[in-house]
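This is what each chain is made of:
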Amino acid sequence: MFFIQFICISISMIGILAISLGSESESLLSCSKFHFEEKVLEKMIRLENKMEVYAEKIKLWEESVSSKLEHKMEVYAEKVKLWEDSVSSSLNKVTEAMKQTETFVDSMRGAHLLDQTRFNNSFVEVKDQTKSFFDSMRDANLQAQTQFNDSFNEVQKQTETFVDSMRNAHLQDQTRFNDSFLEVKKQAESFVDSMRDAHLLDQTRFNDSFLEVKKQTETFVDSMRNAHLQDQTRFNDSFLEVKKQTEAYVESMRDAHLQDQTRFNDSFIKVRKQTERLLESMRDANLLDQTRFNDSIIEVKKQTEIFIESMRNAHLQDQTRFNNSFFETIARFEMQSANETEFNKRQMNSLLDSFSSKVQELSEAERKRDSTTKLSLRQEQNRFNKSFDKIAEDFQVRFNKYLQEVALKQQKVALTACATSSTVPGGTVVHFPNIQTNIGITNLSAYKSTGKFVCTVAGLYHVSAVMMSSTDGQYYYIYKNSDRMITTYYGKVHSYVTRTSVFVTMLDVGDEITVWTAVSQYIYEYSCFTIVKLN
């Protein structure tokens with residue numbers, strides 16, 4: 001630093017001297033040669049004086065620079081010492097930091113091993129949970145299959161019972177008709193006998209009319225017997241046809257359900273194998289990639305939910321097809337019964353009209369008798385008319401009662417309603433305000449507001465409830481009045497679960513069917529209640 005400053009000062013002095021000499025040389029050009037030497041000497045003296053002054057300044061500057069340099073060297077020496085001390089402390093800190101780093105690396109390695117262990121344990125746990133989930137799904141499906149078979153067998157037994165009851169009712173109606181017919185025949189014979197006893201004086205006409213009445217009565221009896229035999233034959237044929245169709249339909253439903261069950265089992269085993277292979281490959285290929293494993297687990301869960309949803313939709317479609325076919329069979333049987341009833345009614349009306357016309361003809365013939373026999377004939381006619389009217393009235397009352405019973409048995413009652421997604425408190429009735437199907441329900445607004453199905457037509461009813469909930473380990477019940485008919489347990493719930501309850505019961509007018517919650521639980525909008533009158 002000192003040498004650089006000295007060189008700079010020397011260069012500046014030489015420049016000043018050169019400038020002075022240049023300016024003097026220019027002035028000397030205009031002066032004479034005499035004065036030139038004097039001026040040169042004068043300039044040299046001045047230059048020597050300036051050099052002495054500059055030498056003193058340089059000396060003073062060197063002394064000041066030397067003192068300053070010594071002071072700075074001392075300062076720099078102190079700074080170097082401080083720097084050495086700081087470097088030493090920094091090296092100690094670096095050594096301490098290296099030790100801390102090694103300790104941190106060891107702790108990270110231990111934490112990583114712990115994480116790896118927890119990951120392996122969680123992987124095994126997820127695998128076990130997945131296996132238990134599939135096992136529970138298979139058990140639930142087997143349970144649903146058992147319930148379906150039981151309900152199907154119960155419906156088949158009830159159908160057979162209904163057919164037997166219809167046969168017995170028809171036999172009872174036949175017996176009552178035969179009894180009424182025999183009573184009418186006896187009254188007609190007694191009337192003919194009274195006519196024969198009262199008209200001995202008019203033997204010829206009486207014999208002719210008696211033979212005519214006897215022939216007409218026998219013709220009427222034969223036509224009634226033939227019509228009854230034809231009705232009985234048609235009823236037996238239609239009954240056998242309906243029985244065959246019912247058996248064929250039941251067999252086809254059983255075969256279709258077995259095929260669906262086989263397809264479900266195959267799909268279930270295939271999905272289970274794919275899931276196990278996927279889990280094994282994920283564990284082998286992605287042990288250090290926790291994020292991808294979680295994404296894959298979520299994807300597997302979504303695929304499982306999609307598969308379950310598709311199976312649920314397929315089951316709902318099968319249930320819908322079964323309900324439609326069952327309703328179609330009931331409608332066809334009701335139509336056949338209505339046609340048979342209408343035909344029998346027309347036959348009976350025709351026979352009654354024929355009999356009435358014959359009676360009127362006989363009455364007209366009797367009115368033409370002699371005046372001596374008019375009074376007794378009128379009295380006998382009045383007695384016959386009263387007895388016949390009474391018999392016809394009794395027969396009409398019994399026939400109307402029979403028609404009302406048949407109409408009540410054939411009246412359709414069906415209801416399917418779904419809930420809204422909400423939390424239902426415990427110990428309360430579940431409401432199903434979304435009506436999907438309504439046939440023959442007269443108090444629909446009351447059902448929407450209370451959730452209570454009140455029977456208005458007595459008969460045998462098929463009751464089912466499909467409940468979808470996300471509440472774990474809870475129950476729901478189905479009550480008939482104050483009697484608990486069935487209890488259903490949701491079981492272990494991962495995200496949501498669906499349970500189905502089915503039973504058949506006899507209902508009288510005024511009986512109530514309700515669905516109750518055991519404790520507070522969340523019910524989805526896919527939960528539905530269905531009740532159908534079987535007969």
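Calculation rules
Residues numbered from 1 in each chain as written. Predicted model: local features only at pLDDT ≥ 70, side-chain atom pairs only at ≥ 80, totals over all residues. Heavy atoms only, no water. Helix = DSSP H or I, 4+ residues; strand = E, 2+ residues; numbered from the N terminus. Buried < 20%, exposed > 50% of the residue type's maximum accessible area, 1.4 Å probe, protein only. Contact = heavy atoms within 4.5 Å. Areas by Shrake-Rupley, 256 points an atom, 1.4 Å probe, with all protein chains shown as cover. Expected span 1.5 Å × (residues − 1). Phe/Tyr/Trp six-rings, centres within 6.5 Å; stacked < 30°, edge-to-face > 60°. Core = buried A, V, L, I, M, F, W, Y, C linked by side-chain atoms within 4.5 Å. Patch = residues over 30% accessible without salt bridge, like charges linked within 9 Å, V, L, I, M, F, W, Y side chains within 5 Å. Salt bridge = Lys/Arg side-chain N within 4 Å of Asp/Glu carboxyl O. Disulfide = S-S within 2.5 Å. Lys, Arg positive; Asp, Glu negative; His and termini not counted. Charge placed at Lys NZ, Arg CZ, Asp CG, Glu CD. Pairing = 2+ DSSP bridges.

### Concerning the overall build of the protein chain
A count of helices and strands for the protein chain gives six helices and 11 strands. In the protein chain, which comprises 535 residues, the proportion classed as buried is 30%. Look at the contacts in the protein chain between residues 6 or more apart in sequence, and 77% of them connect residues 24 or more apart. As displayed, the protein chain has an accessible area near 34,000 Å², and 57% of this comes from carbon and sulfur atoms.

### A closer look at helix α5 (residues 374-410)
Spanning 37 residues, α5 covers 51 Å between terminal C-alpha atoms, matching the ideal 54 Å at 1.5 Å per step. Those residues of α5 that fall on the buried side of the exposure criterion are Leu-377, Glu-380, Gln-381, Phe-384, Phe-388, Ile-391, Phe-395, Phe-399, Leu-403, Val-406 and Gln-410.

### Details of the packing of aromatic side chains
All chains considered together, the criterion is met by 11 aromatic pairs. Ring geometry for Tyr-475 versus Tyr-489: centroids 4.9 Å apart, planes at 40°, classification tilted. Of this pair, Tyr-475 sits in strand β6 (residues 475-480) while Tyr-489 sits in strand β7 (residues 483-489), and the two are 14 residues apart along the sequence. A relative accessible area of 35% places Tyr-475 in the partly exposed class.

### Some thoughts on the nonpolar core
In this structure, Phe-432, Phe-453, Val-515, Phe-529 and Ile-531 are the most contacted members of the largest nonpolar core, which totals 29 residues. Of all elements in the fold, only β1 (414-418), α6 (444-450), β5 (459-469), β6, β8 (497-507), β9 (512-517) and β11 (528-533) reach the threshold of two or more residues within this core. Looking at this core element by element, the count peaks at four residues for β5. What Phe-453 contacts, discounting residues up to four positions off in sequence, is Val-413, Leu-415, Ile-441, Tyr-447, Tyr-461, Leu-507, Asp-511, Glu-512, Ile-513, Phe-529 and Ile-531.

### Focus on a nonpolar patch on the surface
Together, Leu-69, Met-73 and Tyr-76 make up an exposed nonpolar region whose accessible area comes to about 320 Å². As for its position among the elements, Met-73 is in helix α2 (residues 33-198).

### Here we look at the state of the cysteines
The full count for this structure, using the stated rule, is one disulfide. Bridging Cys-418 to Cys-528, the disulfide has an S-S length of 2.0 Å. When the S-S torsion is 90°, as for the bridge of Cys-418 with Cys-528, the disulfide is right-handed. Of the two residues, Cys-418 is situated in strand β1 and Cys-528 in strand β11; the sequence distance between them amounts to 110 residues. The buried category is assigned to Cys-418, whose relative accessible area is 10%.

### Regarding a negative patch on the surface
Together, Asp-179, Glu-183, Asp-389, Glu-393 and Asp-394 line one region of the surface with negative charge. Contributing elements (two or more residues each) for the negative patch: α2 and α5. Structurally, the position occupied by Asp-179 is in helix α2. Judged by its relative accessible area of 46%, Asp-179 is partly exposed.

### A few points about the sheet that holds β9
Adjacent strands of a sheet form backbone hydrogen bonds with each other and so pair up, either parallel or antiparallel. The strand order across the open sheet formed by four strands is β4-β9-β6-β7, and the pairing between neighbours is antiparallel. One side of each edge strand has no neighbouring strand; the edge strands of this open sheet are β4 (453-454) and β7. Direction of pairing for β4 relative to β9: antiparallel, over a ladder of two bridges. Counted as the bridge partner of Val-454 is Glu-512 from β9.

### Description of the pattern of salt bridges
Applying the stated criterion to the full structure yields three salt bridges. The residue Arg-109 makes a salt bridge to Asp-106 at a minimum N-O spacing of 3.0 Å. Residue Arg-109 and its partner Asp-106 are located together in helix α2, separated by three residues, close to a single helical turn. Owing to a relative accessible area of 48%, Arg-109 belongs among the partly exposed residues under this scheme. Take Asp-106: its relative accessible area is 47%, and that puts it in the partly exposed class. One salt bridge connects Lys-492 with Asp-472, and the closest N-O pair in it is separated by 3.7 Å.

The quantities given are spatial measurements derived from coordinates; they are silent on function.
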